[in-house]
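Descriptive structure summary
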Amino acid sequence: MSRSVEPAPALSPVTADDVELAVRLAVATLRDVPPDGWGSRAGSLEWDCWETAEHLANDLFYYAVQLGPQQPPLDTHVPFALTRKRAEAPMVFAHAERDAGPAGLVQVLEACGALLAAMVRTTPPHVRAHHTSGVSDPEGFAAMGVVETLVHLHDVAEGFGLAWTPPSDLCSRVLTRLFPQAPDGTDPWPTLLWATGRAELPGHPRLTTWRWHSSPR
């Protein structure tokens, strides 16, 4: 007698709670780093640890404001002006005050994460807004914010010589939402690092270019 096989349950969607969790874990880690290491290079990036955390805060801010207008633009981003303080630094919308020190920078990151979580939680799921990797929905912006948080904390942690391993289920959800091309059956966190060009996997060389798929699926 043949036996029917039950399909595996689908992973739950990425939510505002996931954004809050990722940012909360990031903030807890950054509050404990040495105060004199922020000028160190962040992992494999050309940016230092301060610039990378500042860039992360701006990512979260950027994703939040795309969902803000009553009719979000679909062909370009909400036009905040971008600037940088040195040629190799990331382009950002807003800088954290250096005089406020690392504690101020972490507070800026926490505030921007709260903005994204609030916008994801209050924006109807049918709303669409621009992203260069595909017009996205609130869940997509939540997933992108989570990925930015997890992988840039990896970069900063490398700069400080610290270990950083986020929850596997959180990594699994964002992989499912944004990286359908990622291999199955591998540990979610190393797989997310592979998908974002930061590590290799057995049988999968390190990527030199990568992108996610932000369009709703």
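That block above? That's the structure.
As a starting point, this report considers the structure included with it. Along each chain, residues carry numbers from 1 onward, in the same order as the chain's sequence is written. At least 70 in pLDDT is required for a residue's local features to be given in this predicted model, at least 80 for side-chain atom pairs to be given and counted, and no such filter applies to totals for whole chains, interfaces and linings, which use all residues. Neither water nor hydrogens contribute to the side-chain values; these are computed over all heavy atoms in the structure.

The subject of this paragraph is the packing of aromatic side chains. Any Phe, Tyr or Trp ring, taking Trp's six-membered ring, that has another such ring centre within 6.5 Å forms a pair; planes under 30 degrees apart are called stacked, those over 60 apart edge-to-face, and the others tilted. Applying the stated criterion across every chain yields a total of 11 aromatic pairs. Aromatic side chains tryptophan 38 and phenylalanine 160 sit 5.2 Å apart centroid to centroid with 80 degrees between the ring planes, which places their arrangement in the edge-to-face category. Here tryptophan 38 is found in the loop between helix H1 (16–30) and helix H2 (49–66), whereas its partner phenylalanine 160 is found in helix H4 (residues 138–160), with 122 residues between them in sequence. The residues tryptophan 38 and phenylalanine 160 share a single accessibility class, namely buried. With centroids separated by 6.0 Å and ring planes inclined at 55 degrees, the aromatic side chains of phenylalanine 61 and phenylalanine 93 adopt a geometry described as tilted. Taken as a pair, phenylalanine 61 in helix H2 and phenylalanine 93 in the loop between H2 and helix H3 (101–122) lie far apart in primary sequence, 32 residues in all. Each member of the pair, phenylalanine 61 as well as phenylalanine 93, is classed as buried. By way of ring pairs, the aromatic residues Phe61, Tyr62, Tyr63, Phe80, Phe93 and Phe141 are connected into one cluster. The numbering of helices and of strands both runs from the N terminus, where a helix is a DSSP run of H or I of at least 4 residues and a strand a run of E of at least 2. The rule is simple: take the accessible area with a 1.4 Å probe, protein chains only, and divide by the maximum for that residue type; under 20% is buried, over 50% is exposed, in between is partly exposed.

The next subject is helix H6 (residues 188–195). Most of H6 sits inside the fold, with 7 of its 8 residues counted as buried. Every buried residue of H6 is accounted for by Pro188, Trp189, Thr191, Leu192, Leu193, Trp194 and Ala195. Buried residues belonging to H6 abut H4 and helix H5 (168–178). Under the rule applied, a polar contact is a pair of N or O atoms within 3.5 Å (in protein, one hydrogen donor and one hydrogen acceptor; residues adjacent in sequence only if both atoms are side-chain atoms). Capping the start of H6, aspartate 187 holds a side-chain oxygen 3.2 Å from the backbone nitrogen of tryptophan 189, two or three residues further along. Immediately beyond the C-terminal end of H6, within one or two residues, lies glycine 197, with a positive phi of roughly 75 degrees. We call two residues contacting when some pair of their heavy atoms lies within 4.5 Å.

Ranked by size, the top nonpolar core spans 64 residues in total, and within it Trp38, Val146, Val147, Leu150, Phe179 and Leu192 carry the most contacts. Where this core is concerned, the elements lending two or more residues are H1, H2, H3, H4, H5 and H6. Examining the composition of this core, we find that 12 residues originate from one element, H4, more than from any other. Every residue in contact with leucine 150, bar those within four places of it in the chain, is listed here: Ala22, Trp164, Pro166, Leu170, Cys171, Trp189 and Leu192. Take the buried Ala, Val, Leu, Ile, Met, Phe, Trp, Tyr and Cys residues and link them wherever side-chain atoms come within 4.5 Å; each set so joined is a nonpolar core.

Computed over the protein atoms alone on a 1 Å grid, cavities are sets of points where a 1.4 Å probe fits but cannot get out and pockets are open sets with protein on both sides within 12 Å along at least five of seven lines; a residue lines them when it has an atom within 4 Å of a point. Grid points are joined across faces, edges and corners, and a volume is the space filled by probe spheres set on the points. For the largest pocket, the calculated volume is near 570 Å³. What lines the largest pocket is a set of 21 residues, among which His55, Asp59, Tyr63, His131 and Glu148 lie closest to the centre. Of all the secondary structure elements, the ones that give two or more residues to the lining of the largest pocket are H2 and H4. At 5 residues, H2 tops the list of elements feeding residues into the lining of the largest pocket. Grouping the constituent residues of the lining of the largest pocket by class yields 10 nonpolar, 7 polar and 4 charged. Three classes are used, and their members are as follows: Ala, Val, Leu, Ile, Met, Phe, Trp, Tyr, Cys and Pro are nonpolar, Asp, Glu, Lys and Arg are charged, and the others, Gly among them, are polar.

With respect to the helices and strands, valine 14 occurs in the segment before H1. Note on valine 14: relative accessible area 4%, which makes it buried. For the pair valine 14 and glycine 185, spaced 171 residues apart in sequence, the C-alpha separation works out to 20 Å. What valine 14 contacts, discounting residues up to four positions off in sequence, is Glu139, Ala142, Ala143, Val146, Arg173, Val174 and Arg177.

In this fold, serine 214 is placed in the segment after H6. Exposure remark for serine 214: the relative accessible area of 0% places this residue in the buried category. Engagement of the side chain of serine 214 in a polar contact is seen with the backbone oxygen of glycine 134, the distance being 2.7 Å. Those residues in contact with serine 214 that lie beyond four places of it in its chain are His131, Ser133, Gly134, Val135, Ser136, Met144, Arg177 and Leu178.

Right, let's get into the packing of H4 against H5. Only the stretch in contact is used when fitting a helix axis, every axis being a line fitted to C-alpha atoms; angles between N-to-C directions are given from 0 to 180 degrees. Relative to each other, H4 and H5 sit at 125 degrees, their axes nearing to 10 Å. Taken as axis vectors, H4 and H5 run oblique relative to one another. H5 is crossed by H4, and the crossing has left-handed handedness. For the pair formed by H4 and H5, the contact residues are Glu139, Gly140, Ala143, Met144, Val146, Val147 and Leu150 on the first element and Leu170, Cys171, Val174, Arg177 and Leu178 on the second. For the contact of H4 with H5, the per-class residue count stands at 9 nonpolar, 1 polar and 2 charged. The cut-offs work like this: below 35 degrees is roughly parallel, past 145 is roughly antiparallel, 65 to 115 is roughly perpendicular, and the gaps in between are oblique. Crossing handedness is defined as follows: a turn of the near helix away from the far one that is anticlockwise and smaller than a right angle gives a left-handed crossing, while the clockwise case is right-handed.

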